[in-house]
Amino acid sequence: MSLDGFVAGPNHAMDWMTGFSSRPGLIEEYAETTGTVLGGRDGWDAYPDAGNIYGGAWQGPLFVLTYHPEDAQPADGVTFLSCDVAEAVRIGLEAAGGKNLEVFSPTIGRQLLERGLIDEIDLHIAPVLLGDGIRLFDNPGGVPVRLELLNGGNRSAAVNLRYHPVATS
């Protein structure tokens with residue numbers, strides 16, 4: 001996500017994600033530990049390519065939760081679900097065969113957090129400020145969700161990031 005909390009730009013734009021590096025082996029780790037992916041219809045409509053998850057390194061069942069499965073663009077390996085989010089998680093976990101169910105939708109993620117159905121949030125923060133787009137967590141009027149840091153000594157520690165602006169050409 002961007003430093004200001006967006007997982008996609010306006011209209012689900014993802015072009016801002018180019019030019020960043022990640023920890024060596026990270027993509028391979030996700031490809032190996034992910035059993036299935038649950039996404040939302042808006043994201044699917046913007047990027048209807050199941051073969052591009054984790055840069056094409058992952059292959060497996062993709063479930064897309066939608067209110068209107070009848071007009072969804074079909075694709076191999078993609079199942080469109082029209083059910084409650086808890087049922088979608090049950091279906092996804094069953095298909096994951098003991099591996100992780102990855103949620104690729106901030107809207108679905110928020111609903112699952114509200115129901116206590118998320119066991120971990122893994123954030124990759126890109127050093128960019130978008131200013132607009134699809135927020136990771138959008139819950140106006142809702143209560144804050146407290147998290148514990150899993151990869152550090154102090155589980156309640158704030159994470160400190162330090163950047164400076166880079167001139168664009």
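Residues numbered from 1 in each chain as written. Predicted model: local features only at pLDDT ≥ 70, side-chain atom pairs only at ≥ 80, totals over all residues. Heavy atoms only, no water.

A. Seen up close, the side chain of S2. Among the secondary structure elements, S2 is positioned in the segment before strand 1 (6–8). In terms of polar contacts, S2 uses its side chain to reach the side chain of D4, at 2.5 Å. (Helix = DSSP H or I, 4+ residues; strand = E, 2+ residues; numbered from the N terminus. Polar contact = N/O pair within 3.5 Å; in protein donor to acceptor, adjacent residues only side chain to side chain.)

B. Looking closely at helix 3 (residues 85–96). With twelve residues, helix 3 should reach 16 Å at 1.5 Å per residue; the first-to-last C-alpha distance of 16 Å fits that figure. Every buried residue of helix 3 is listed here: V85, A88, V89, G92 and A96. Considered in projection along helix 3, the buried side chains sweep an arc of 100° and stay on one side of the axis. Lining the buried residues of helix 3 we find strand 2 (34–40), strand 3 (62–65), strand 4 (78–81), strand 5 (100–104) and helix 4 (106–114). Two to three positions downstream of the cap, the backbone nitrogen of A86 sits 2.9 Å from a side-chain oxygen, assigning the N-cap of helix 3 to D84. Following helix 3 by one or two positions, G97 has its phi on the positive side, about 60°. (Expected span 1.5 Å × (residues − 1). Buried < 20%, exposed > 50% of the residue type's maximum accessible area, 1.4 Å probe, protein only. Arc of directions from axis to C-beta. Contact = heavy atoms within 4.5 Å.)

C. Focus on the environment of L38. Within the element layout of this structure, L38 appears in strand 2. Exposure remark for L38: the relative accessible area of 1% places this residue in the buried category. The spacing of L38 and I91 is 53 residues in sequence and 9.7 Å in space, taken between C-alpha atoms. Excluding residues within four positions of it along the chain, L38 makes contact with F63, L65, A88, V89, L101, E102, V103, F104, S105 and I108.

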